[in-house]
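One letter stands for each residue in the lines below.
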Amino acid sequence: MPVPAQPIAMREAAGRPAIGSGPALVGRDEQRVRLDEAWSAAQEGRGALVLVDAPAGFGKTVLLADLVGRVAPGATALCATAADDESDTGYGVLAQLLRGWPGPMPAELAAIAAGRSDADPLTTGRLLLTLLDEVRPEAALLIVVDDVHNADAASLRALVFAVRRSQRSPILTVLATRTEALAALPVSLQRLVTDVGVRLGLTGFAADEVRALAGVLGLEVPAPRQARRLAQHAGGSPLFVRAILEELDRTGARLGPEVPIPVPGEFARLVIEHVEACSAPAAALVRAASVLSAPRRLDLVGRIGGVEDPLAAADEAVSAGLVGPVGADQLLRPAHPLTRQAVYDALGARERVALHLSAAEELRPLDPDAALRHRIAAAVGPDARLADTVEERADRAAAAGDQRSAAVWLRAATSLSPPGPDADLRLLTLVETLVAGADAAAAPDLSAEVDRRRDTALGAYLDARLRTLAGDLPAARRLASVAWEHSGAPGAGDGVEDLKARIAAELARTELTMGRARDAIAWAQRAIEFTPEGSAAAADSPGTMLIARALTGEIRAALEAVAGLPVDVVDPPGVLLDALVARGLLSAWSGRLARARSDLEAVVRVSRRDGPTPVALGASAYLSDVLYRLGQWDSAITVAETAVSVALDLDHRRVLPMLYAAAANPLSARGELTRAGEYVEAADSTAAEIGDYQTRLWAAVAAARLQDAHGSPGGVLHALRVLVDPEQIGDCDGVREPGIQSWRCLHAAALQATGDVDQALEVLADAEVVAGERRLVVELAEIWRTRAEFAVAGLHPERAAEHLARIDDLAPDLDPELAVRPLERARLGLVRGQVLRRLGRRRDAAVLLEDARETFASLGASLWVARTDEELRRCGQRRRTRGSVAVQLTPTEVTVARLVREGMSNREIATQLLVATKTVEYHLSNIYAKVGVRSRSQLIARYAEVAPDAARQMPPTS
């Protein structure tokens, strides 16, 4: 799928090697040069990103250590190594990085550094961006993450978010991964490297490097021909080359044409031989280090292994090549991850359990989570007490909003639980947590646990929920129905009422998502009916019912249900966010756009700051749509594009079709058809992937609007075919509700333009009935305006005037609505002018057409400006224009200018737009140059002077 033009800070770095095009494969000296060049760029204030990849054992860790060693004396280096057994634990990698930060940091980040936070990744990424924004060229920053393929998702999401937006800061970020793990990296990280980074692949050792390594190790240097033979045999792996050289030295063998080279596959055997050759204390120290996923202090490792003199033992282990040198930080590290794994795999079961238990005891006061992981690793079979402890840890993660970490802990608790009700309940909670996190990639394989409960209501329900997570809604609906049937069977077990409520709630959600609102209402009522007191089994069913009622035309009745919410909420608490989103949606669908904007702006502001991310993204899509209807197109584009960048960086794909469509609509209306087409294509492809009716509705309407802007009625009909074909989503509740997505007049106009006038009039008649029943005056006016346009096209101005007269009857209710919907107001003015011109009243027509043109120009609706200019030309009168400022600002620059006028500082603007302060400074410098000012005060003064023609660039404060 082609990715649309990157918004805001995302679009400002291009032309660099992409991850998909392969790495720059160069020798080690050249690799050092490349990294030095990247560091120089960072020191000059041009943020740089390098992804280093190599097969296991090819020396990427050594390359990183060399870089840190050369840079560290004069700069700050934040370093982390991702551990393979902590990949699903919240903020493990970020905590390591933050512990090296030289100055103060926000309390939320300090909590992460101390291992005490499960904050939302968007909130954390925003705070991290603010922290990195403080870096100055004289104190350039190096960020290094080794084994990034093992990094926890929360850290990666926050890091990707911040690094992308720090491209104007003096920061070099170097990430390292195994080549074989490249494809498993999160899509957001791969996209980041493609967009703003350089991929650097490590090559294997050549003959001269083999000989150089032998000299450094003090071993016999092989002849060039034998060095080439050895390098080929080891596959170029520096680790295997060293192991072979040391094996040859140990056995006293000399390389020659007839001498067999040791097999690299025997590396583990060689490591164990080295361990066995050590003294008992040194071997015990190495074995203790092997159970630790991260470097730990030497004295702690010694206590875990029962080593009385860890210093002496460490010196011996270093000489044997089993651990790295102990530096000033007193941390003991394996010589290589493969060395650690070889030692760990060779441990006997009894010794492994004993070492894990010892590690748990030593780490309990220092790192409770790590201690708990060691207790889990030491468990032999079910352990009910340990399961209880792990479940408590999962509860804390869930309460903090970290669904992924909660799921990891719950998975462990479920595995530790003896068969029975507790195990069933934990598995149920695990699946609910996975679905709540909406992260299919993080879902563990639960097929065995679900299969064991195959013929029960619980098993069918769990399978349904997992199918929902995977996006297979038809299968989820079928399995939930099976679960409902089983729930009424004899022997359904304790908690059947709670389970029935959950099943009904799942069916309500699924039916709603598939567009069957009436069925959703029925199931939501059942869910509420069966929910036991104090249970949260159907907590979202009231909201499901509200939206479903709106989809069946009961929008105003649904609004009454949220009438008790506070009227003006500036900083709503988290518990109100879902309710405010519902009220914002219902308000938008009923035509109360100001109310909708107020609610949705509050939700977006708070959820961007505090999370949860899915709420922020969904509310952004709805807000962008409201702003589009209000004619505030620059803001609509900026809101949608900002949310697209967040969704891509944080791997939240479900809302992308709606965001792409929301960005496309104002671009199509402005005639920016190439860029709008990119967004429409992205909306269409992601909607097809996700497949629910709402995303397909948004994508189809955006595609139709684009085709209308192209002047292609056939294209409009093709785009809307999904909405009119009952076999697709044409029979879904809500598709024809004019307040939800207005497309019926567009459809009718396309039918009329292709000669199917009777069908066009039928479409309008049906739409008029629905709009009249819902009392939607703007939609009714749009229908009658469309009828008037048909009459004008058919050269029947008198009939057109009759249709316009019906609009006049709505004036008391319509005028306030049109006052905030400039596009509709201008289109109505255009058709009125057309009718007057055809009735011979050219002077009166010109007045209306001038006003319409002024509005179209202020919106930037160039296609409509051209149509109106043609009508004015036919009136035979010279078009009146007002003075205007000739500026061409981008939507983002318009938004920055507006926020400056509202009194925001650069940092406040950066927080609002989720970009770095330096990015705001960059946009301001462009604005100053385009507008011809030198200061904020001059910009504000010019802003107030701008005429309507330039309002597109610098709109008045709302």
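Residues numbered from 1 in each chain as written. Predicted model: local features only at pLDDT ≥ 70, side-chain atom pairs only at ≥ 80, totals over all residues. Heavy atoms only, no water.

### Regarding the overall build of the chain
For the chain, the count of helices and strands is 48 helices and eight strands. At 33 Å, the chain has a C-alpha radius of gyration in line with the 30 Å of a compact globule built from 958 residues. Seen through its principal axes, the chain has C-alpha atoms that stretch 110 × 75 × 50 Å. Across the 958 residues that make up the chain, the buried fraction comes to 56%. Of all intrachain contacts in the chain linking residues separated by at least 6 positions in sequence, the fraction that spans at least 24 positions is 70%. Of the roughly 39,100 Å² of accessible surface on the chain, 52% is carried by carbon and sulfur atoms. Side-chain charges of the chain comprise 108 positive and 126 negative groups, with the mean position of each set lying 5 Å from the other. (Helix = DSSP H or I, 4+ residues; strand = E, 2+ residues; numbered from the N terminus. Rg over C-alpha atoms; globule rule 2.2 N^0.38 Å. Buried < 20%, exposed > 50% of the residue type's maximum accessible area, 1.4 Å probe, protein only. Contact = heavy atoms within 4.5 Å. Areas by Shrake-Rupley, 256 points an atom, 1.4 Å probe, with all protein chains shown as cover. Lys, Arg positive; Asp, Glu negative; His and termini not counted. Charge placed at Lys NZ, Arg CZ, Asp CG, Glu CD.)

### Re helix α13 (residues 298-305)
For α13, the full list of buried residues reads Leu 298, Leu 300, Val 301, Gly 302 and Ile 304. Directly after α13, the chain includes Gly 306, whose backbone phi takes a positive value near 70°.

### Brief notes about the packing of aromatic side chains
One pass over the structure, following the stated rule, counts six aromatic pairs. Summarising the aromatic geometry, the rings of Trp 484 and Trp 523 are spaced 5.1 Å apart at their centres and angled 80° between planes, so their arrangement reads as edge-to-face. Residue Trp 484 is located in helix α23 (residues 473-487), and its partner Trp 523 is located in helix α25 (residues 517-530); the two are separated by 39 residues in the primary sequence. Taken as a pair, Trp 484 and Trp 523 share a single burial class, namely buried. Summarising the aromatic geometry, the rings of Tyr 628 and Trp 633 are spaced 6.1 Å apart at their centres and angled 20° between planes, so their arrangement reads as stacked. You can call Tyr 628 buried: its relative accessible area is 13%. Residue classification places Trp 633 among the buried residues on the basis of a relative accessible area of 1%. Positioned above the aromatic ring of Trp 523 is the side chain of Arg 526, whose terminal nitrogen or guanidinium carbon lies 4.3 Å from the ring centre. Across the ring face of Trp 864, the terminal group of Arg 867 is positioned such that the distance to the ring centre comes to 4.2 Å. (Phe/Tyr/Trp six-rings, centres within 6.5 Å; stacked < 30°, edge-to-face > 60°. Lys NZ or Arg CZ within 6 Å of the ring centre and 35° of its normal.)

### With respect to unusual backbone geometry
The omega torsion across Gly 611 and Pro 612 is 0°, close enough to zero to call that bond cis. Located in the positive-phi region is Leu 914, a residue other than glycine, with phi close to 60°. Tracing the backbone shows Leu 914 in the loop between α46 (906-913) and α47 (917-931).

### Description of the confidence of the model for the chain
Low-pLDDT stretches of the model should not have their predicted coordinates read in fine detail. Residue-level pLDDT values for the chain average 84, and 91% of them are 70 or greater. For residues 881-886, every residue scores under 50 in pLDDT, and the model assigns this stretch nine contacts once sequence neighbours within four places are set aside. Below a pLDDT of 50 lies the segment residues 945-958, which in the model reaches 44 contacts outside its immediate sequence neighbourhood of four places, other chains included. (pLDDT = per-residue confidence, 0-100.)

### So, the pairing of strand β2 (residues 48-54)
Burial analysis of β2 places seven of its seven residues in the buried class, which makes it a mostly covered element. The alternating pattern of β2 places Ala 48, Val 50, Val 52 and Ala 54 and Leu 49, Leu 51 and Asp 53 on opposite faces, both of which are buried. Two elements, β2 and strand β5 (residues 171-178), share seven bridges in a ladder whose sense is parallel. Across the sheet, Ala 54 pairs through a bridge with Arg 178, a residue of β5. Two strands pair when backbone bridges link them, and β2 and strand β6 (residues 198-202) are joined in this way by four bridges, in the parallel orientation. By the bridge assignment for β6, Asp 53 is matched with Gly 201. (Pairing = 2+ DSSP bridges.)

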